[in-house]
Amino acid sequence: QVHLVESGGGLVQAGGSLRLSCAASGSIFSINGRGWYRQAPGKQRELVAAITSGGSTNYADSVKGRFTISRDNTKTTVYLQMNSLKPEDTAVYYCAAVGRKGSWNNPTYWGQGTQVTVSS
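Predicted model, so just to flag it, every value in this text is computed and none were measured.

(A) How the structure looks around the environment of Leu-18. Mapping Leu-18 onto the fold places it in strand E3 (residues 18–26). A relative accessible area of 15% places Leu-18 in the buried class. A C-alpha to C-alpha distance of 24 Å links Leu-18 and Trp-104, two positions 86 residues apart in sequence. Residues within four places of Leu-18 in sequence aside, it is in contact with Gly-8, Gly-10, Val-12, Leu-80, Gln-81, Met-82, Leu-85 and Val-116.

What follows is the structure, given as structure tokens:
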């Protein structure tokens, strides 16, 4: 079992920056990848950024060049640095972890979510 706790959301003006953190505890060795998802009102949840156990990263086209996913040396905490934020980035952001039987479409573990609001 893996427990994920997010922090770092909030309200920011367009053009500003925020950094989200996701701390994992439990059976971290069973995780194949970590990702950040977001869900805006009335929209489906989407994968924003992902990092595999090997360190490869992937981003949604809408955030490429503005968001960066990274992790600490222990692979316990994953970060999402969000720069040049736009009002359309407003959403609840979720941290997720893909276990051995999970996939990026259906992660095994989820955090509780953190609200990011970008004002124009």
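(B) Representation of the sheet that holds E3 in the model. One open sheet holds the 4 strands; their spatial order is E1-E3-E8-E7, and the pairing between them is antiparallel. Of all strands in the sheet, those bounded by a partner on one side alone are strand E1 (2–7) and strand E7 (67–71). When the angles between neighbouring strand axes are averaged without regard to direction, this sheet yields 15 degrees. Examined bridge by bridge, E7 and strand E8 (residues 77–82) share 5 bridges and lie antiparallel to one another. By the bridge assignment, Phe-67 is partnered in E8 with Met-82.

(C) Fine view of the pairing of strand E5 (residues 46–52). In terms of strand pairing, strand E4 (residues 33–39) meets E5 through 6 bridges, oriented antiparallel. Each bridged residue has a counterpart across the sheet, and for Gly-33 the counterpart in E5 is Thr-52. Between E4 and E5, which pair antiparallel in sequence order, lie 6 residues; one of them, Gly-42, sits at a positive phi of approximately 80 degrees.

(D) Layout of the pattern of salt bridges. Summed over all chains, the structure comprises 4 salt bridges. Asp-89 serves as the salt-bridge partner of Arg-38, at 2.9 Å between the closest nitrogen and oxygen. Of this pair, Arg-38 sits in strand E4 while Asp-89 sits in the loop between E8 and strand E9 (91–98), and the two are 51 residues apart along the sequence. When its relative accessible area of 6% is taken as the criterion, Arg-38 is described as buried.

(E) The pairing of E3, seen in detail. Two strands pair when backbone bridges link them, and E1 and E3 are joined in this way by 6 bridges, in the antiparallel orientation. Counted as the bridge partner of Ser-7 is Ser-21 from E3. Pairing between E3 and E8: 6 bridges, direction antiparallel. Bridge pairing in E8 places Arg-19 opposite Gln-81.

(F) Layout of the nonpolar core. Counting 29 residues, the largest nonpolar core has Leu-4, Trp-36, Phe-67, Ile-69, Leu-80, Met-82 and Tyr-93 as its most contacted members. Elements that contribute at least two residues to this core include exactly E1, E3, E5, E7, E8, E9 and strand E11 (114–119). Leave out the neighbours within four places in its chain, and Leu-4 touches Cys-22, Ala-23, Ala-24, Arg-34, Cys-95, Ala-96, Ala-97, Tyr-109, Trp-110, Gly-111 and Gln-112.

Each value, and the rule that gives it
Per chain, the residues get numbers from 1 upward, laid out in the order the sequence is written. Totals for whole chains, interfaces and linings use all residues, but because this is a predicted model, local features are given only for residues with pLDDT of at least 70 and pairs of side-chain atoms are given and counted only at 80 or more. The basis for the side-chain values is all heavy atoms of the structure; hydrogens and waters are excluded. Strands here mean DSSP runs of E at least two residues long; helices mean DSSP runs of H or I at least four residues long; both are numbered from the N terminus. Here the term buried applies to any residue with accessible area under 20% of the maximum for its type, exposed to any over 50%, and partly exposed to those in between, with areas from a 1.4 Å probe on protein chains only. Should any heavy atoms of two residues lie within 4.5 Å, those residues are considered in contact. Two strands pair under a simple rule: DSSP has to find at least two bridges between them. Fitted lines through C-alpha atoms give the axes, limited to the stretch in contact for helices. The angle between two N-to-C directions lies from 0 to 180 degrees. What counts as a salt bridge is simple: a side-chain nitrogen of Lys or Arg found within 4 Å of a carboxyl oxygen of Asp or Glu. Among buried residues, those of type Ala, Val, Leu, Ile, Met, Phe, Trp, Tyr and Cys that are joined through side-chain atoms within 4.5 Å constitute a nonpolar core.

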